[in-house]
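# Residue-level structure breakdown
Take a look at the letters that make up each chain.
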Amino acid sequence: MLDIGPQGIVHGTTLTILNAGRKYLGLNELSGKVFVTSGLGGMSGAQPKASTIAGCISVTAEVDLKAATKRLNQGWVDVLTSDLDEVMTNVKEARSHKKVLSIAYHGNVVDLWEKFVAEPELLVELGSDQTSCHNVFGGGYYPAGVSFEQANEIMHKDPEEFKRLVQASLRRQVKAISALASRGMRFWDYGNAFLFEASRAGADVMKDATHFKYPSYVQDIMGDIFSLGFGPFRWVCTSGKSEDLALTDRVAGDICSSLASKSNERSKKQYEDNLKWIEQAGEHKLVVGSQARILYSDHIGRSAIASAFNELVKEGKVAGPIVISRDHHDVSGTDSPYRETSNIEDGSQFTSDMAVQNFVGDAIRTATWVALHNGGGVGVGMAINGGHGLVLDGTEEAGANARSMLYWDVLNGVARRAFSGNENAEFTIEEAMKLNPQLEITLPVKCDDSVLHGLFH
Ligand SMILES: NC(=O)c1ccc[n+]([C@@H]2O[C@H](COP(=O)([O-])OP(=O)(O)OC[C@H]3O[C@@H](n4cnc5c(N)ncnc54)[C@H](O)[C@@H]3O)[C@@H](O)[C@H]2O)c1
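Residues numbered from 1 in each chain as written. Predicted model: local features only at pLDDT ≥ 70, side-chain atom pairs only at ≥ 80, totals over all residues. Heavy atoms only, no water.

### Topic: the nonpolar core
- Ranked by internal contacts, the top residues of the largest apolar core, which has 73 residues, are Trp188, Trp235, Trp277, Leu295, Phe309 and Ile324.
- Looking at this core, you find at least three residues from each of domain 1 (7–215) and domain 2 (223–435).
- If you look at the next biggest cluster of nonpolar residues, it comprises 46 residues, including Ala61, Ala144, Phe148 and Phe187. (Core = buried A, V, L, I, M, F, W, Y, C linked by side-chain atoms within 4.5 Å. Buried < 20%, exposed > 50% of the residue type's maximum accessible area, 1.4 Å probe, protein only. Domains from an automatic or database assignment.)

Pasting the structure below:
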């Protein structure tokens with residue numbers, strides 16, 4: 001079995017935080033800035049580690065002491081306390097010294113948000129939530145005002161009362177978040193159905209009948225990155241040797257660095273973030289099992305890295321073939337109208353064509369294997385994922401197949417996003433057409449909204 005371990009979620013969360021800082025605060029680096037969130041579970045537990053790599057201060061609330069202790073023992077949080085005053089003292093000290101620090105608060109996130117509201121000074125710049133709101137009444141979200149143990153008992157003995165407590169808690173949480181947002185904090189939904197459940201609870205989260213007041217991370221943050229063609233490229237050294245992975249890290253880092261120096265302004269920042277990641281990847285010790293790595297790259301980067309890896313195999317510099325793949329949470333890999341395709345705003349985000357086309361196109365362009373399947377977690381019944389794997393065995397054929405497949409695998413989604421009118425995607429596909437005169441992509445013909453409205457009113 002090929003196993004990427006926790007680095008997929010750590011890398012993706014790091015990029016989300018870095019790009020949130022860039023987009024919402026206009027900052028390319030986050031020292032002394034504070035990110036407040038919740039959840040130290042399966043996926044959410046990546047948040048403090050990612051915040052540290054991104055160079056900010058994080059405070060993450062977790063009601064389950066077992067989950068919080070696991071992250072402390074693992075070294076993914078620096079401090080664990082159930083004392084809110086201690087949290088605040090730590091935050092103020094880290095801010096004043098611009099010290100990178102991850103704080104876990106053992107308690108309910110509602111109490112944490114209200115503590116920040118009570119402070120005269122705004123001590124938080126970025127905020128989110130990663131409780132399991134996709135399962136909000138079944139233990140995914142713990143209500144404020146009762147202990148973790150009491151909440152579990154009420155959930156089993158009196159589900160109606162539990163539902164009432166959860167919805168009251170969501171309303172309190174949104175009230176605190178809104179108070180801080182009105183003072184300048186930027187909040188986003190983390191793909192966990194938080195805003196959706198808060199709206200069902202009657203919390204003040206709607207801008208109008210169909211739009212939330214706060215953005216969703218895939219739509220607003222990752223969507224911009226996907227539209228540039230950047231997504232979670234992965235590889236595995238089948239030799240199982242850590243020195244082979246270290247060599248591939250160096251080779252991929254050199255390629256990132258060289259592409260950053262030649263790249264346009266939009267993609268340059270992405271290459272720089274990814275260079276930072278790959279340079280530190282070894283020291284963060286995120287490999288568990290397979291000697292595997294994840295690195296966000298665009299079609300140019302993925303192709304260059306795959307070609308260089310194929311050469312390493314051919315020249316015997318690594319002790320076995322290298323397999324390339326990617327996460328489904330990518331430019332073209334998933335159709336999911338409330339997540340990955342949510343920034344395709346021409347109405348076609350509700351169709352399920354892109355992942356299927358990728359699955360078929362990757363197969364034709366000789367992927368070693370392909371997959372087409374339903375999404376997991378929030379994606380069950382709401383997403384289609386297409387994926388691939390390709391073995392680089394050092395032959396010329398493998399190198400050519402990889403370049404052909406990766407070109408399709410990334411640019412199919414960019415073309416799709418461009419046709420819906422996404423500015424980053426249009427820019428990227430126009431650049432791709434300049435580099436390859438054989439590539440012909442239909443671009444959208446835009447009309448002024450006022451002309452369109454005039455036709456119907
Ligand atoms: N950001 C992403 O990239 C991403 C990816 C996949 C899934 N998700 C979504 O994020 C959510 C979390 O995923 P997970 O795997 O970490 O789930 P999880 O259930 O393992 O972790 C959630 C944690 O939140 C804690 N929690 C619940 N209510 C709380 C409260 N009021 N205050 C403090 N802590 C509370 C729980 O004790 C739990 O440990 C899910 O809805 C998931 O679908 C996000």
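More follows now that the structure is in view.
### Considerations on the environment of glycine 229
- Tracing the sequence through the fold places glycine 229 in the loop between α10 (217–227) and β7 (231–237).
- Note on glycine 229: relative accessible area 0%, which makes it buried.
- Ignoring any residue separated from it by four or fewer positions in sequence, one finds glycine 229 in contact with Ser297, Asp298, His299, Arg302, Val331, Val410 and Val414. (Helix = DSSP H or I, 4+ residues; strand = E, 2+ residues; numbered from the N terminus. Contact = heavy atoms within 4.5 Å.)

### Some thoughts on empty space enclosed by the protein
- What the rule picks out here adds up to 1 cavity of 30 Å³ or more.
- Counted as a void, the largest cavity has a volume near 40 Å³.
- Considering the residues around the largest cavity, the lining is formed by Thr14, Leu15, Leu18, Ile53, Ala54, Asp273, Lys276 and Trp277.
- Sorting the residues of the lining of the largest cavity by element identifies α1 (7–25), α2 (46–54) and α12 (265–281) as the ones contributing at least two each.
- Lining the lining of the largest cavity are residues from two domains, each supplying at least three of them: domain 1 (7–215) and domain 2 (223–435). (1 Å grid on protein atoms, 1.4 Å probe; cavity = no way out; pocket = protein on both sides within 12 Å on 5 of 7 lines; lining within 4 Å. Points joined across faces, edges and corners; volume = space filled by probe spheres on them.)

### Things to note about the domain arrangement of the protein chain
- Each domain of the protein chain was delimited in the assignment, giving domain 1 (7–215) and domain 2 (223–435).
- Once you take the C-alpha centre of each, domain 1 and domain 2 turn out to be 30 Å apart.
- Every contact between the two is made by 17 residues of domain 1 and, on the other side, 20 residues of domain 2.
- The junction of domain 1 with domain 2 conceals about 1700 Å² of combined surface from both sides, 60% of it contributed by carbon and sulfur atoms.
- The largest share of the area that domain 1 buries against domain 2 comes from Gln7, His11 and Ile53, three residues that together contribute 39% of it.
- Our enumeration of links across domain 1 and domain 2 arrives at 2 salt bridges.
- As a salt-bridge pair, arginine 22 and aspartate 273 come within 2.9 Å of each other at their nearest N and O atoms.
- Joining domain 1 to domain 2, the criterion identifies 9 residue pairs in polar contact (both at pLDDT 80 or more).
- Among the elements that line the side of domain 1 that touches domain 2, the one with the most residues is α1, at 10 residues.
- Taken together, the residues that form the side of domain 1 that touches domain 2 break down as 5 nonpolar, 9 polar and 3 charged. (Buried area = accessible area lost by both parts, 1.4 Å probe. Salt bridge = Lys/Arg side-chain N within 4 Å of Asp/Glu carboxyl O. Polar contact = N/O pair within 3.5 Å; in protein donor to acceptor, adjacent residues only side chain to side chain. Nonpolar A, V, L, I, M, F, W, Y, C, P; charged D, E, K, R; others polar.)

### Remarks on the side chain of arginine 234
- Among the structural elements, arginine 234 can be located in strand β7.
- Those residues in contact with arginine 234, other than ones at most four positions away along the chain, are Ile4, Arg293, Ile294, Val323, Ile324, Ser325, Arg326 and Asp327.

### Here we look at the site of the ligand
- Within the structure, the ligand sits among 25 residues, and Ser44, Glu62, Ser132, His134 and Tyr142 are positioned closest to it.
- One of the side-chain N or O atoms of asparagine 108 is found 3.3 Å from a nitrogen atom in the ligand.
- Protein chains bury 85% of the 860 Å² of accessible surface belonging to the ligand in isolation. (Near = heavy atom within 4 Å. Areas by Shrake-Rupley, 256 points an atom, 1.4 Å probe, with all protein chains shown as cover.)

### Observations concerning a nonpolar patch on the surface
- Taken together, the side chains of Tyr338, Phe350 and Met382 present a nonpolar region at the surface, about 380 Å² in accessible area.
- Within the secondary structure, methionine 382 is located in the loop between β11 (369–374) and β12 (384–392). (Patch = residues over 30% accessible without salt bridge, like charges linked within 9 Å, V, L, I, M, F, W, Y side chains within 5 Å.)

### Remarks on the pattern of salt bridges
- Summed over all chains, the structure comprises 25 salt bridges.
- With a closest N to O distance of 3.2 Å, glutamate 153 and lysine 157 form a salt bridge. Within this pair, glutamate 153 and its partner lysine 157 are both found in helix α7 (residues 148–157), separated by 4 residues, close to a single helical turn.
- With a relative accessible area of 47%, glutamate 153 lands in the partly exposed category.
- Residues arginine 266 and glutamate 423 are paired through a salt bridge, measuring 3.4 Å at the closest nitrogen-oxygen approach.

### Some remarks on the packing of aromatic side chains
- Following the criterion strictly, the structure yields 11 aromatic pairs and no others.
- Ring geometry for tyrosine 24 versus tryptophan 188: centroids 6.2 Å apart, planes at 35°, classification tilted. Remark: tryptophan 188 occurs in the loop between β6 (186–187) and α9 (194–200) and tyrosine 24 occurs in helix α1; sequence separation between them is 164 residues.
- Judged by its relative accessible area of 9%, tyrosine 24 falls in the buried class.
- When the ring of phenylalanine 230 is compared with that of tyrosine 271, the centres are 5.0 Å apart and the planes differ by 75°; the resulting orientation is edge-to-face. (Phe/Tyr/Trp six-rings, centres within 6.5 Å; stacked < 30°, edge-to-face > 60°.)

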